[in-house]
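# Fold and geometry: a report
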Amino acid sequence: MLIMKLIPVVVVIFFFQVSAVQAEGDPVRGKVLAETDCADCHGDDGLGDYDRPPIAGMDPKTHIKELMNYKTGKRKDENEDMVVDDLSEQDMADVAAYYASLPPPPQKE
Ligand code: HEC
């Protein structure tokens, strides 16, 4: 039966898609990190507040780039709130993947 032959193929494709996402960052691990390291300032929803920018819905590549910019000192944060020194590249990819999964702030027109 054709269907029986196709099942393993579908399983394999599914497996590869899941591992591709992991390589870019694990949102489940990212959520744990975000809750302890980021939510105090950027909020549980990642929408920030009057003086913290929203990071929810941010493109993961941009997010990682900005985190790296703080880490290398390329981007200066006046109050030195953005302490990212102890984040590894994997940590950054994971938090970025998590925040990308949250709904972005409403667009200002
Ligand atoms: C102590 C408060 C604080 C904590 C904790 C914190 N942030 Fe921030 N974050 C800020 C502030 C304030 C800014 C704006 C700084 C500036 O002027 O560049 C900012 C900026 C950012 C930006 C740049 C946003 C943009 O629009 O370019 C990103 C991305 C970001 N934070 C991600 C994170 C992540 C991820 C974490 C957790 C690992 C985190 N922040 C933890 C206060 C915080």
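Right, let's walk through the structure included here. (Residues numbered from 1 in each chain as written. Predicted model: local features only at pLDDT ≥ 70, side-chain atom pairs only at ≥ 80, totals over all residues. Heavy atoms only, no water.)

### Considering the coordination of the iron atom of the ligand
In this structure, His-42 (NE2) and Met-82 (SD) serve as the protein donors to the iron atom of the ligand, at separations of 1.9 Å. You can call Met-82 partly exposed: its relative accessible area is 26%. (Donors = N, O, S within 2.8 Å, 3.2 Å for Na, K, Ca; no water. Buried < 20%, exposed > 50% of the residue type's maximum accessible area, 1.4 Å probe, protein only.)

### Describing the pattern of salt bridges
Evaluated as defined, the whole model comprises 6 salt bridges. Between Asp-91 and Arg-29 there is a salt bridge, with its nearest N and O atoms 2.8 Å apart. Here Asp-91, found in helix H5 (residues 89-100), pairs with Arg-29, found in helix H2 (residues 27-37); they are 62 residues apart in sequence, far enough to count as distant. When its relative accessible area of 10% is taken as the criterion, Asp-91 is described as buried. We note a salt bridge from Arg-52 to Asp-49, for which the minimum N-O separation is 2.9 Å. Judged by relative accessible area, which is 25%, Arg-52 ranks as partly exposed. Via salt bridges that share partners, Arg-29, Asp-91 and Asp-94 belong to a single interconnected network. (Salt bridge = Lys/Arg side-chain N within 4 Å of Asp/Glu carboxyl O. Helix = DSSP H or I, 4+ residues; strand = E, 2+ residues; numbered from the N terminus.)

### Examining helix H4 (residues 60-72)
Between the first and last C-alpha of H4 there are 18 Å, a value that for 13 residues agrees with the 18 Å anticipated at 1.5 Å per step. Residues His-63, Glu-66, Leu-67, Asn-69 and Tyr-70 constitute the buried set of H4. All buried residues of H4 project into a common sector of 155° when viewed along the axis, lining one side. Residues of H4 that are exposed and point more than 90 degrees away from the buried face comprise Lys-61 and Thr-72. Buried-residue contacts for H4 involve H5. Positive backbone phi, at 85°, marks Gly-73, one or two positions downstream of H4. (Expected span 1.5 Å × (residues − 1). Arc of directions from axis to C-beta. Contact = heavy atoms within 4.5 Å.)

### Some remarks on the site of the ligand
Around the ligand lies a shell of 18 residues, among which Cys-38, Cys-41, His-42, Tyr-70 and Met-82 are the nearest. A distance of 2.8 Å is found between a nitrogen atom of the ligand and a side-chain nitrogen or oxygen belonging to His-42. Placement of the ligand is best described as lying within the largest pocket. When residues of the shell around the ligand are traced back to their parent elements, those giving at least two are helix H3 (39-42) and H4. For the shell around the ligand, the element with the most residues is H4, which contributes 3 residues. Residues belonging to the shell around the ligand are distributed by class as follows: 10 nonpolar, 2 polar and 6 charged. (Near = heavy atom within 4 Å. Polar contact = N/O pair within 3.5 Å; in protein donor to acceptor, adjacent residues only side chain to side chain. 1 Å grid on protein atoms, 1.4 Å probe; cavity = no way out; pocket = protein on both sides within 12 Å on 5 of 7 lines; lining within 4 Å. Sits in = over half its atoms within 2 Å of the grid points. Nonpolar A, V, L, I, M, F, W, Y, C, P; charged D, E, K, R; others polar.)

### What to know about the packing of H4 against H5
Packing of H4 against H5 leaves a shortest axis separation of 9 Å and a crossing angle of 135°. Here H5 runs oblique to H4, going by the angle between their axes. Every pair of crossing elements has a handedness; the one defined by H4 and H5 is right-handed. In contact with Pro-60, His-63, Ile-64, Leu-67, Met-68 and Lys-71 of H4, H5 contributes Met-92, Ala-93, Val-95, Ala-96, Tyr-99 and Ala-100. Split by residue class, the contact of H4 with H5 holds 10 nonpolar, 1 polar and 1 charged. (Axes fitted to C-alpha atoms, helices over the stretch in contact; angles between N-to-C directions. Parallel < 35°, antiparallel > 145°, perpendicular 65-115°, else oblique. Left-handed = near helix turned anticlockwise from the far one by under 90°.)

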